[in-house]
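Working through the structure, step by step
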Amino acid sequence: MNIEIANRLVELRKANNLSQEALAEKLGISRQAVSKWERAEASPDTDNLILLARLYQVSLDELLQTDEEILTENEREDAAESTGERADYVHVGFQGIHVKDKDGEVHVGWDGIHVTDAKDDVHIDKNGVYVNGEEVKEPFFRHHRADFPIGLIVIVTYITLGCLYNIWHPGWLIFLLIPIVSSAIEAVRKKKPEHFAYPILAVLVFLYVGLVKMVWHPTWVVFLTIPVYYEIIHFIKDRKSKD
C-alpha cells in the first residue's frame, strides 16, 4: 500500500476516536491487520475498504484519493505557500525518510541527518554535528570495537524474529543496536561519554516511533537533543578541568 494512503487511514481512525483494537473489533479482524495497513505493509481487501468508507462516512474515492500523491514535493510546497501554510508531508523511500510540517522538516538519508525548524538548522553527517553552520562536536561516526559479540547476537535475533514472527520489517531496526551497544561499551571502558553513538540512538528512536507508532511529528524533535547531549558532556568536562 502507498504510504500516503496508509497515513490517511491513520488520520481517519484517529479523527473518529478509534484505537486500532476498537477498529479491528468493528471490522471483525485482528489488530495486527489494522497495524499492517497503517504501516503500509498490507492493503485492505475490497470488503474492508467498503466497511472503512461506511464507518468513516467517506466515499471510496476519498478514502483512496491519489491526486495528492501525484504532486511532486515542489508542487506541494507551492500549494502550501499559496494558502499561507506548509503542508504536512511524510515520504519513506530508498533515498531516506523526509518529514515536513508547518514547524519544520527532517531528512534522514545516506548522507546524514538534516533538521530545520523556525530557530535552528542542524546537520549531522560523518564529519560531525553542525548547528546553524557551526560545528559543535567532533565526528561521531567512528569505528567501535568491542569484545562483546553484539553483531552476531543481533544477526541471530533478527533471523529468529523474522522466521518465527515474520517481522522482517521493521525488525531490521535492530541492526542499529550494533553501533549503539559497541559505542556504549567503549564509552564506559574509556570513561569518555562523547564516544557513545547518541545520534544513532536518536535515529533508532525516530524510526521506531515513526514506523511502528506512525508518529513522525513531533518525534523528529529527538534530533535536536543531539547537540544538547554533547554540549552537556563538554560542559561537565570543562567543569572538571577547572576543578
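Whatever comes next refers back to the structure up there.
The paragraphs below set out a description of the structure included in this document. Values in this document were obtained by computation on a predicted structure and should not be read as measured data.

The rules behind each value
Residues numbered from 1 in each chain as written. Predicted model: local features only at pLDDT ≥ 70, side-chain atom pairs only at ≥ 80, totals over all residues. Heavy atoms only, no water. Core = buried A, V, L, I, M, F, W, Y, C linked by side-chain atoms within 4.5 Å. Buried < 20%, exposed > 50% of the residue type's maximum accessible area, 1.4 Å probe, protein only. Helix = DSSP H or I, 4+ residues; strand = E, 2+ residues; numbered from the N terminus. Phe/Tyr/Trp six-rings, centres within 6.5 Å; stacked < 30°, edge-to-face > 60°. Contact = heavy atoms within 4.5 Å. Polar contact = N/O pair within 3.5 Å; in protein donor to acceptor, adjacent residues only side chain to side chain. Expected span 1.5 Å × (residues − 1). Arc of directions from axis to C-beta. 1 Å grid on protein atoms, 1.4 Å probe; cavity = no way out; pocket = protein on both sides within 12 Å on 5 of 7 lines; lining within 4 Å. Points joined across faces, edges and corners; volume = space filled by probe spheres on them. Nonpolar A, V, L, I, M, F, W, Y, C, P; charged D, E, K, R; others polar. Salt bridge = Lys/Arg side-chain N within 4 Å of Asp/Glu carboxyl O.

A few words on the nonpolar core. In this structure, F206, F223 and I226 are the most contacted members of the largest nonpolar core, which totals 29 residues. When residues of this core are traced back to their parent elements, those giving at least two are α1 (3-15), β4 (112-117), β5 (121-125), α10 (177-190), α11 (198-213) and α12 (225-242). A total of eight residues in this core trace back to one element, the largest contributor, which is α11.

On to the packing of aromatic side chains. Taken as a whole and assessed by the stated rule, the structure comprises seven aromatic pairs. The interplanar angle of 75° and the centroid separation of 5.4 Å between the aromatic rings of Y158 and W168 together place this pair among those described as edge-to-face. Of this pair, Y158 sits in helix α8 (residues 150-165) while W168 is found in helix α9 (residues 168-171), placing the two residues ten residues apart along the sequence. A residue is classified by how much of its surface remains accessible, and Y158, at 17% relative accessible area, is buried. With relative accessibility at 34%, the residue W168 sits in the partly exposed group. Between F196 and Y229 the ring centres are 6.4 Å apart and the planes differ by 65°, which places this aromatic pair in the edge-to-face class. Separated by 33 residues along the polypeptide, F196 in the loop between α10 and α11 and Y229 in helix α12 bring together distant segments of the chain.

Summarising the element assignment, I167 is placed in the loop between α8 and α9. Look at I167 and you get partly exposed, because its relative accessible area is 34%. Every residue in contact with I167, bar those within four places of it in the chain, is listed here: L161 and G162.

Turning to the side chain of T219, a few remarks are in order. Looking at where T219 falls in the secondary structure, it is placed in the loop between α11 and α12. Since its relative accessible area comes to 13%, T219 is described here as buried. Among the polar contacts made by the side chain of T219, one reaches the main-chain carbonyl oxygen of V215 at a distance of 2.4 Å. Not counting residues up to four positions away in its chain, the partners in contact with T219 are V205, F206 and V209.

What follows concerns α10. With 14 residues, α10 extends 20 Å from end C-alpha to end C-alpha; this agrees with the ideal 20 Å at 1.5 Å per step. All of the buried residues in α10 are I180, S182, S183, E186 and A187. The inward-facing, buried residues of α10 abut α8 and α11.

Moving on, we get to helix α2 (residues 20-27). Of all the residues in α2, the buried ones are Q20, L23, A24 and L27. Relative to the axis of α2, the buried residues are bounded by an arc of 100° and lie together on one face. In α2, the exposed positions that point more than 90 degrees away from the buried face belong to E25 and K26. Turning to α2, the residues buried within the fold contact α1, α3 (31-38) and α4 (46-56).

Turning to empty space enclosed by the protein, a few remarks are in order. Going through the model one piece at a time under the given rule, you end up with one cavity of 30 Å³ or more. Taken as a whole, the largest cavity spans an internal volume of roughly 30 Å³. Sorting the residues of the lining of the largest cavity by element identifies α3 and α4 as the ones contributing at least two each. With three residues, the top contributor of residues to the lining of the largest cavity is α3. Tallied by class, the residues present in the lining of the largest cavity amount to six nonpolar, no polar and one charged.

Our next topic: the pattern of salt bridges. In this structure the tally under the stated criterion is five salt bridges. A salt bridge links E41 to R39; its shortest N-O distance comes to 3.1 Å. Residue E41 is classed as partly exposed on the basis of its relative accessible area, which comes to 30%. Using a relative accessible area of 18% as the deciding quantity, one classes R39 as buried. The residue K237 makes a salt bridge to E194 at a minimum N-O spacing of 3.3 Å. In this pair, K237 sits in helix α12 while E194 sits in the loop between α10 and α11, placing the two residues 43 residues apart along the sequence.

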